[in-house]
Amino acid sequence: MTYLAPRQGLFAIILLVSFCLQTLLLVISTDQQLSKSRALKGEQMVAQLIDEARLSLENKDRVSLSVIANRYTSEQDVTRILIKDSNDDILVPVGNAPMQQGDTIRQIATKGDAVIGSVALTLKDISKGEIIAMQWPFVIGMLLLHLLLWLIYGYLARPTKEQINAISRDISELHREQFRQLDQRGAERDYDRSSYEDDRRAADVEATQSTVDNTTTADASAAVRTLNIHGAVNSYIRGQQGATSADADTRTNSEHDLDISADINADISAGMKDDVDATSKADSAHHTEDEPSETSHDQSIGKAARGSARLSATRAFDSVRVQIVFHDEFNMLERLAPAQRLPYLALCTQLLNQATTELLKQPLLLGVSVINEPSFDDKGASVLLKADNSHAKVALAGVMLGKLYLMLNKIIHDKHIELSRFALPAKAGVSDDAQSEAMMHLLHGIGKKEQMLILLPNAGLKQISHHVQVQSIMRPTTVYERECAIFDGGNDAMIQRLADVRNAVLMVDNQEASYS
């Protein structure tokens, strides 16, 4: 069997670090050398440019200066040349330095003792990638060298057969020593356990013997006391009567003693029977008292199980109900005259139906259809969406419809308020059809203006998780509030899609966006 070299992975990490450090040092040293050479080259170019452009710079001939500067910008290292006059005004800017940063060399142009201008030349920085590309033979060679060192180490540092045998002997000796210590500790524990068992057994025998002796002594004393009493009675009777009558009286006394003993045994049996009957009655009463509590507990468990099944996060659903209500804190809709209320509700109904129609044209919501024909009244409106197949994203359709109507209602509300007309903000709730009643309670209880609540099982939340973000209700007080979520935003694609549908709805209804 061939063994690998010890710590071969650690040696590979060391070689990798060495290769990275050598490459870094190579890049740094090359960068310094190139910087120095480019600085010398730049100073020479600036001096030469000043000599060529001195006459044009003195006359401020921009055309000549541009021609001269363009010749120098054709160099690969030069990115920009900036020529200024004696007043520090720019005469000729040539190059694209704002796009490529680098070192700038500035020099003043003089004619005699007079300053006639200045020239600034910017040299392009050399990137680290270009340096590595220039030195690729060295980098590849170092990589191959480190790889070769790793292979050589893996071959030469493998343990020999003598080393393997020595390690095996050491391991075997270590195991034998450990087993010897374990056997010694086990023997000591067995000895202690056997001593303890013997002591306990001896104590049990002594206790049993003392109990038997005490019982025997008590029985013997009782028998002696009984014999003494009977003997005294018989002696007294024989002393009062004759020998013949004494025999008869002895038999009578014996029978009387037997009767007394029988009466005592009967009393003891009756007492024991009464105790047993009392215990049985107590147990029966206790059992009878426990039965109602157990029954009520079972009923409460059944109710809890039914409630949890109704709110189970894994409940199945194939339809979603979108409920939209007005945020009417002061019951203004009820006080509004029918001549104004009915056109406003008709406008809201038209917006909702048009939004539903335009939204369900989206390819993302293919397979989702509307079951009812929604219309607004004083309590709001409700839209029931159904999935026609298992791939239809009915939960996502409900959330998008609720958000779309809130966006439309926001525009209509702001426009009506601007025109000093009646309008109300709205809030929406999206839930499966089984939880529509609970969602209505949540909307009236904790719903806020322009807010959308979501009460869906896990399958529905999974449908919308890739498109929207939700947040939990802070400090919930009921089970429904704990399971409910608040719409907290959507991704860019969904918001853009909703904006397109909103614009389509408004363009269709631009002639009917207000009521009279």
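The rules behind each value
- Counting starts from 1 at the beginning of each chain's written sequence and moves along it residue by residue.
- pLDDT decides what is reported in this predicted model: residues at 70 or higher carry local features, side-chain atom pairs at 80 or more are listed and counted, and totals for whole chains, interfaces and linings draw on all residues regardless.
- The side-chain values count all of the structure's non-hydrogen atoms but skip hydrogen atoms and water molecules.
- The rule for pairing is simple: two strands pair if DSSP sees at least two bridges between them.
- Numbering of helices and strands runs from the N terminus; a helix is a DSSP stretch of H or I covering at least four residues, while a strand is a stretch of E covering at least two.
- Angles shown run from 0 to 180 degrees and are taken between the N-to-C directions of axes, each axis being a line fitted to C-alpha atoms and, for helices, limited to the stretch in contact.
- Note on definitions: a residue-residue contact is assigned when non-hydrogen atoms from the two residues lie within 4.5 Å.
- Each salt bridge in this description consists of a side-chain nitrogen of Lys or Arg and a carboxyl oxygen of Asp or Glu lying within 4 Å of one another.
- Nonpolar side chains (Val, Leu, Ile, Met, Phe, Trp, Tyr) are joined into patches within 5 Å and like charges within 9 Å, using only residues with over 30% relative accessible area and no salt bridge.
- For the accessible areas, the method is Shrake-Rupley and the probe is 1.4 Å, while residue cover comes only from the protein chains on display.
- Only protein chains enter the accessibility calculation, which uses a 1.4 Å probe; a residue whose area is less than 20% of its type maximum is buried, one above 50% is exposed, and one in between is partly exposed.
- Stacked, tilted and edge-to-face pairs are distinguished by plane angle, under 30 degrees for stacked and over 60 for edge-to-face with tilted covering the rest, among Phe, Tyr and Trp rings (Trp via its six-membered ring) whose centres lie within 6.5 Å.

A. Seen up close, the sheet that holds strand β11 (residues 485-490). What the seven strands build is an open sheet, ordered β6-β7-β5-β8-β9-β11-β10; its pairing is mixed. Among the strands making up the open sheet, the edge pair consists of β6 (368-370) and β10 (468-472). The sheet shows a mean angle of 30 degrees between the axes of neighbouring strands, direction not considered. Relative to β11, strand β9 (residues 452-455) runs antiparallel, the two sharing two bridges. By the bridge assignment for β11, Leu 453 is matched with Ile 486. Against the sheet, helix α8 (residues 338-359) contacts β5 (319-326), β6 and β7 (381-387), and its axis sits at roughly 150 degrees relative to β5.

B. Fine view of the pattern of salt bridges. Counted according to the given criterion, the structure contains nine salt bridges. A salt bridge links Glu 52 to Arg 71; the nearest nitrogen and oxygen atoms lie 2.8 Å apart. One end of the pair, Glu 52, is in helix α1 (residues 8-59); the other, Arg 71, is in helix α2 (residues 62-73), and 19 residues separate them in sequence. A salt bridge links Asp 433 to Arg 321; the nearest nitrogen and oxygen atoms lie 3.0 Å apart. Separated by 112 residues along the polypeptide, Asp 433 in the loop between β8 (426-432) and α10 (436-445) and Arg 321 in strand β5 bring together distant segments of the chain.

C. Representation of the sheet that holds strand β4 (residues 114-124) in the model. Taken in spatial order, the four strands of this open sheet run β2-β1-β4-β3, and their pairing is antiparallel. Of all the strands in the sheet, the pair left with one neighbour each is β2 (90-95) and β3 (102-111). Strand-to-strand twist across the sheet, computed as the mean angle between neighbouring axes with direction ignored, equals 10 degrees. Sheet topology note: the strand β1 (residues 78-85)/β2 ladder contains five bridges and is antiparallel. Along β2, the bridge assignment pairs Ile 83 with Val 92. Contacting β1 and β2, α2 runs over the sheet at an angle of about 30 degrees to β2.

D. The arrangement of a nonpolar patch on the surface in detail. Together, Ile 13, Val 17, Leu 21, Leu 24, Leu 25 and Ile 28 make up a nonpolar patch on the protein surface, roughly 570 Å² of accessible area in all. Mapping Leu 25 onto the fold places it in helix α1. With relative accessibility at 58%, the residue Leu 25 sits in the exposed group.

E. The packing of aromatic side chains, seen in detail. Tallied over the full model, the rule gives five aromatic pairs. With 5.9 Å between their ring centres and 35 degrees between their planes, Phe 326 and Tyr 344 make a pair best called tilted. With Phe 326 in strand β5 and Tyr 344 in helix α8, the pair connects residues that are 18 residues apart, well separated along the chain. Residue Tyr 344 is classed as buried on the basis of its relative accessible area of 1%. Relative to Phe 422, the ring of Tyr 344 lies with its centre 5.6 Å away and its plane at 75 degrees, an arrangement referred to as edge-to-face. A residue pair is termed long-range when its members are at least 10 positions apart, and Tyr 344 in helix α8 and Phe 422 in the loop between α9 (394-418) and β8 qualify at 78 residues. Cluster of aromatic residues (ring-pair linked, three or more members): Phe 326, Tyr 344, Phe 376, Tyr 405 and Phe 422.

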